[in-house]
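Residue strings, one per chain:
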Amino acid sequence: ETGVTQTPRHLVMGMTNKKSLKCEQHLGHNAMYWYKQSAKKPLELMFVYNFKEQTENNSVPSRFSPECPNSSHLFLHLHTLQPEDSALYLCASSQETDDNSPLHFGNGTRLTVT
Amino acid sequence: AQSVSQHNHHVILSEAASLELGCNYSYGGTVNLFWYVQYPGQHLQLLLKYFSGDPLVKGIKGFEAEFIKSKFSFNLRKPSVQWSDTAEYFCAVTPTGGFKTIFGAGTRLFVKA
């Protein structure tokens, strides 16, 4: 049990589809993150939210749209994706966005874009 | 640009062998350092962390890491690995005062029983 739950675990979508990834954390943390994990590449930070406010957008294409309605929930809305967007998308949370707080990860959503 | 380099992508060891996984980072300021582990089918989880003080830090399951500031390194070690240590290991760095954790590409460790 990670304390960070991601749904769905697997998602296959066409390039014209619209879908959303969901993340929920049960740890009482104030910061939430989206990371992209591609094969043989370092984890790439996509977005950071601290107390529901977006504090980082790491030059992510607009076809990825995050939403953070409260400190416990984080969404990633997807539309008109490309095949190269296929990857494992990881949600993480931490107590705060300071350097002393380690990240707690979910199991990820394996996304395949066809 | 800040980056984290892990020297080996794949490591294969026999049980009881000693392990050392290399990690170097490029950043001019002070940093906090982490090692995360991902066991097969499980989520990424914290193995150990360094913020300040003794540069030799101990984590779970007998792992330790040493921060050598002059070498910008934070190598992970374990004197005697077990089959259950088979996993992928990620080194990560967060600049002090920041929130942007930078990860290495990971090292896949396979321990033969």
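Conventions we followed
Residues numbered from 1 in each chain as written. Chains lettered and ligands numbered in written order. Predicted model: local features only at pLDDT ≥ 70, side-chain atom pairs only at ≥ 80, totals over all residues. Heavy atoms only, no water. Salt bridge = Lys/Arg side-chain N within 4 Å of Asp/Glu carboxyl O. Helix = DSSP H or I, 4+ residues; strand = E, 2+ residues; numbered from the N terminus. Buried < 20%, exposed > 50% of the residue type's maximum accessible area, 1.4 Å probe, protein only.

Student: An account of the pattern of salt bridges is needed here, citing residue identities and associated values.
Tutor: For the coordinates displayed, the defined rule picks out seven salt bridges over all chains. With a closest N to O distance of 2.7 Å, Asp85(A) and Arg63(A) form a salt bridge. With a gap of 22 residues between them, Asp85(A) in the loop between strand E8 (73-79) and strand E9 (87-94) and Arg63(A) in the loop between strand E6 (53-57) and strand E7 (64-70) connect regions that are remote in the sequence. Ionic pairing is found between Glu64(B) and Arg77(B), a salt bridge with its closest N-O pair at 3.5 Å. Linking Glu64(B) in strand E8 (residues 64-68) with Arg77(B) in strand E9 (residues 73-78), this pair joins segments that are 13 residues apart in sequence. Classification of Glu64(B) as buried rests on a relative accessible area of 17%. According to the relative accessible area criterion, Arg77(B) is partly exposed, its value standing at 22%.

Student: If you had to explain unusual backbone geometry to someone new, which residues and values would you point to?
Tutor: For the bond running from Thr7(A) to Pro8(A), omega is -10°, close enough to zero to count as cis. With phi around 80°, Ala16(B) is a residue other than glycine that occupies positive phi space. Mapped onto the fold, Ala16(B) is located in the loop between strand E2 (10-14) and strand E3 (19-21). Given the relative accessible area of 54%, Ala16(B) is considered exposed. The backbone of Lys61(B) shows a phi angle near 60°, a positive value even though the residue is not glycine. Note on placement: Lys61(B) falls in the loop between strand E7 (56-58) and E8.

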